[in-house]
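Here are the chains, one letter per residue:
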Amino acid sequence: MAGTAVPAAEGGDKPLQVTVQGNDMEKAMKTLKRKLLQEGFFRELKRRNFYEKPSVKKKRKRLEAQRRRRKALRLKKPDKFDRS
């Protein structure tokens, strides 16, 4: 099983790869599906099914950015000597 550091969908130079070991297609398919899910491939397909108005697109992007910021704050480790 081999993957790339930067996915091609995000401007990377190599496409997503999954190698089949020992003719085990089931495991390879499961790995591929997991990688596509992590990259947001299925979410993107679902979103592109219909036209998205510019105002709705702007609102969605704003909400996604808020979600990312909240997640970054949640995952940020507190400093040991921070006395604020």
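Refer to the preceding data block for the structure.
Source: prediction; values computed, not measured. (Residues numbered from 1 in each chain as written. Predicted model: local features only at pLDDT ≥ 70, side-chain atom pairs only at ≥ 80, totals over all residues. Heavy atoms only, no water.)

1. Description of the overall build of the protein
Rules: By definition, any uninterrupted DSSP run of H or I lasting at least four residues is a helix, any uninterrupted run of E lasting at least two residues is a strand, and each is numbered from the N terminus. Burial classes: relative accessible area under 20% of the type maximum marks a residue as buried, over 50% as exposed, and values in between as partly exposed (1.4 Å probe, protein chains only). Note on definitions: a residue-residue contact is assigned when non-hydrogen atoms from the two residues lie within 4.5 Å.
Secondary structure assignment for the protein yields three helices and zero strands. Along the protein, helices (α) and strands (β) appear in the sequence α-α-α when read from the amino end. When each of the 84 residues of the protein is scored for burial, the buried share is 12%. Within the protein, residue pairs in contact and separated by at least 24 positions form 17% of the contacts whose partners lie at least 6 positions apart.

2. Describing the pattern of salt bridges
Convention followed: Salt bridge criterion: a side-chain nitrogen from Lys or Arg within 4 Å of a carboxyl oxygen from Asp or Glu.
For the structure shown, the criterion picks out five salt bridges. The partner of arginine 48 in a salt bridge is glutamate 44, with the nearest N and O atoms 2.7 Å apart. For glutamate 44, a relative accessible area of 28% gives the class partly exposed. Close ionic contact of glutamate 52 with arginine 60 constitutes a salt bridge, the shortest N to O distance being 2.8 Å. Residue glutamate 52 is classed as buried on the basis of its relative accessible area of 18%. Here arginine 60 falls in the buried class, since its relative accessible area comes to 18%. Beyond isolated ion pairs, a larger network of salt bridges with shared partners links Glu44, Arg47, Arg48, Glu52, Arg60 and Glu64.

3. Points about a positive patch on the surface
Filter applied, for reference: Residues with no salt bridge and a relative accessible area higher than 30% make up the patches, which join like charges within 9 Å and nonpolar side chains (Val, Leu, Ile, Met, Phe, Trp, Tyr) within 5 Å. Surface accessibility follows the Shrake-Rupley procedure with a 1.4 Å probe radius. Residue values consider only the protein chains on display as shielding. We treat Lys and Arg as the positive residues and Asp and Glu as the negative residues; His and chain ends play no part in the count. We put the charge of a Lys on NZ, of an Arg on CZ, of an Asp on CG and of a Glu on CD.
A surface patch of positive charge is lined by Arg43, Lys57, Lys61, Arg67, Arg68, Arg69, Arg70, Lys71 and Arg74. For the positive patch, the element with the most residues is helix H3 (residues 54–75), which contributes eight residues.

4. Observations concerning the side chain of arginine 60
Test applied: Here a polar contact is recorded for every N or O atom pair within 3.5 Å, except that within protein the pair must consist of a potential hydrogen donor and a potential acceptor, and residues adjacent in sequence are included only if both atoms are side-chain atoms.
Tracing the backbone through its elements, the reader meets arginine 60 in helix H3. A distance of 2.8 Å separates a polar atom in the side chain of arginine 60 from a polar atom in the side chain of glutamate 52. Discounting chain neighbours no more than four positions away, the residues touching arginine 60 are Arg47 and Glu52.

5. A word on helix H1 (residues 25–39)
Quick reminder of the rule: One less than the number of residues in a helix, times 1.5 Å, gives the span that helix is expected to have.
Across its 15 residues, H1 extends 21 Å between first and last C-alpha, which sits within 8% of the 21 Å expected from 1.5 Å per residue. Positive phi shows up at glycine 40, right after H1, with a value of about 85°.

6. Observations regarding the packing of aromatic side chains
Going by this rule: What counts as a ring pair is set by centres within 6.5 Å for rings of Phe, Tyr and Trp (its six-membered ring), and what kind of pair is set by the plane angle: stacked under 30 degrees, edge-to-face over 60, tilted for all other angles.
Per the counting criterion, the structure on display carries one aromatic pair. When the ring of phenylalanine 41 is compared with that of phenylalanine 42, the centres are 5.6 Å apart and the planes differ by 75°; the resulting orientation is edge-to-face.

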